[in-house]
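Commentary on secondary and tertiary structure
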Amino acid sequence: MSGFDYSGKTVLVTGGTKGIGRRIAERFLAAGARVFVCGRGAPDAPPEADGRRATFVAADLRDIEQVDALLATVRDAAGGLDVLVNNAGGSPFALAADASPRFTESIVRLNLIAPLQMAQRVNAIMQRQPGGGVMLFIASVSASRPSPGTAAYGAAKAGLVNAVTSLAVEWAPRVRVCAVSPSLVLTESAADGHYGDADALAAICDTIPAGRLATPDDIASACLFLASPDAAYASGTNLRLDGGGERPAFLAAAQAAATPASPAVSPPVSR
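From a predicted model like this one, the values you see are computed outputs, not experimental measurements. (Residues numbered from 1 in each chain as written. Predicted model: local features only at pLDDT ≥ 70, side-chain atom pairs only at ≥ 80, totals over all residues. Heavy atoms only, no water.)

1. Digging into the overall build of the protein
The number of helices and strands found in the protein is eight helices and nine strands. In terms of overall size, the protein behaves like a compact globule, its C-alpha atoms giving a radius of gyration of 20 Å where 271 residues would be expected to give roughly 18 Å. Principal-axis analysis of the C-alpha atoms gives the protein an extent of 75 × 45 × 40 Å. Nonlocal contacts in the protein, meaning residues at least 24 apart in sequence, comprise 67% of its contacts between residues at least 6 apart. For the protein, the accessible surface area stands at approximately 13,800 Å², while carbon and sulfur atoms represent 54% of it. Of the charged side chains in the protein, 23 are positive and 24 negative, and the gap between their average positions amounts to 5 Å. (Helix = DSSP H or I, 4+ residues; strand = E, 2+ residues; numbered from the N terminus. Rg over C-alpha atoms; globule rule 2.2 N^0.38 Å. Contact = heavy atoms within 4.5 Å. Areas by Shrake-Rupley, 256 points an atom, 1.4 Å probe, with all protein chains shown as cover. Lys, Arg positive; Asp, Glu negative; His and termini not counted. Charge placed at Lys NZ, Arg CZ, Asp CG, Glu CD.)

Encoded structure:
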């Protein structure tokens, strides 16, 4: 599936028991890595690939003592850590006008503060290693576009993308730091109706130049590349995976307003 070889490398994928994180873990396993995954609850089965299985460690990443215990377990078992994929995160839908202070704080803690605290701890490990290490943060295109219904999430991801640029400077050259920012991803929840029925999903795909949602494999492939020596000069990078972005709404509005007898409406020119 990939030409990358992670034999002898140790990888930690936070939130690696389901969705995007699980596929990232499976792909690193298939590439030969020793993989650890964490989450608040144990999965029915940890990620597997090619007869190899990830090691699950229970941890709530919002609790710094549990983070320290998780990393101690990884160090004791593997001796070090070569790649961190800070994947855990997310947010339910909540309009900003209705969100409680506690809700907003919990979303920011999960999506910004927790990954930064994890990164700080992992940097201390990687800086002592002869080969250093790589940290990847799964961010979101919500960091750079409106995120109605998930405003705190978008703001937290924007902070994360900015932090990646700072950490890349502070921790260079021994530790590389990059972000991967997907748009809508076809996870199990999306396939089960998270975005509506099949017609609604098709309508969403029509707004994406690539004609489809991203898949967890798309995100995993980006991670395998960015963590590899082939990306040795990539640090402070934010790799957007959005299938070409979104067609501007004003173009659709102009097209809908045009009549067959009217000439095509030209888009406004920005200067």
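Here the narrative resumes, following the displayed structure.
2. Thoughts on the pattern of salt bridges
A side chain of one charge can pair with a side chain of the opposite charge when the charged atoms of the two come close. Scanning the entire structure with this criterion turns up 10 salt bridges. In this structure, the salt-bridge partner of Asp217 is Arg23, at a minimum N-O distance of 2.9 Å. In this pair, Asp217 sits in helix α7 (residues 216-226) while Arg23 sits in helix α1 (residues 19-30), placing the two residues 194 residues apart along the sequence. The residue Arg62 makes a salt bridge to Asp60 at a minimum N-O spacing of 3.1 Å. (Salt bridge = Lys/Arg side-chain N within 4 Å of Asp/Glu carboxyl O.)

3. Brief notes about the packing of aromatic side chains
Per the stated rule, a full pass over the model turns up one aromatic pair. Seen from their ring centres, Tyr6 and Phe28 are 4.9 Å apart, and the 80° between their planes marks the pair as edge-to-face. Residue Tyr6 is located in the segment before β1 (10-14), and its partner Phe28 is located in helix α1; the two are separated by 22 residues in the primary sequence. The two residues Tyr6 and Phe28 agree in class, both being buried. (Phe/Tyr/Trp six-rings, centres within 6.5 Å; stacked < 30°, edge-to-face > 60°. Buried < 20%, exposed > 50% of the residue type's maximum accessible area, 1.4 Å probe, protein only.)

4. As for the side chain of Thr17
Among the secondary structure elements, Thr17 is positioned in the loop between β1 and α1. The buried category is assigned to Thr17, whose relative accessible area is 14%. Once residues lying within four places of it in the same chain are set aside, the contact partners of Thr17 are Arg22, Val37, Cys38, Pro43 and Phe56.

5. Considering the environment of Ser140
Tracing the backbone through its elements, the reader meets Ser140 in the loop between β7 (133-138) and α4 (151-170). Residue class for Ser140 comes out buried when judged on its relative accessible area of 7%. When the C-alpha positions of Ser140 and Leu160 are compared, they lie 9.4 Å apart, and in sequence the two are 20 residues distant. Apart from the residues within four sequence positions on either side, Ser140 is in contact with Tyr153, Lys157, Val180, Ser181 and Pro182. In terms of polar contacts, Ser140 uses its side chain to reach the backbone amide nitrogen of Ser142, at 2.9 Å. (Polar contact = N/O pair within 3.5 Å; in protein donor to acceptor, adjacent residues only side chain to side chain.)

6. Examining the confidence of the model for the protein
Averaged over the protein, the pLDDT score is 93; the fraction of residues at 70 or greater is 92%. Note on residues 265-271: pLDDT under 50 across the span, and five contacts to partners over four residues away in sequence or across chains. (pLDDT = per-residue confidence, 0-100.)

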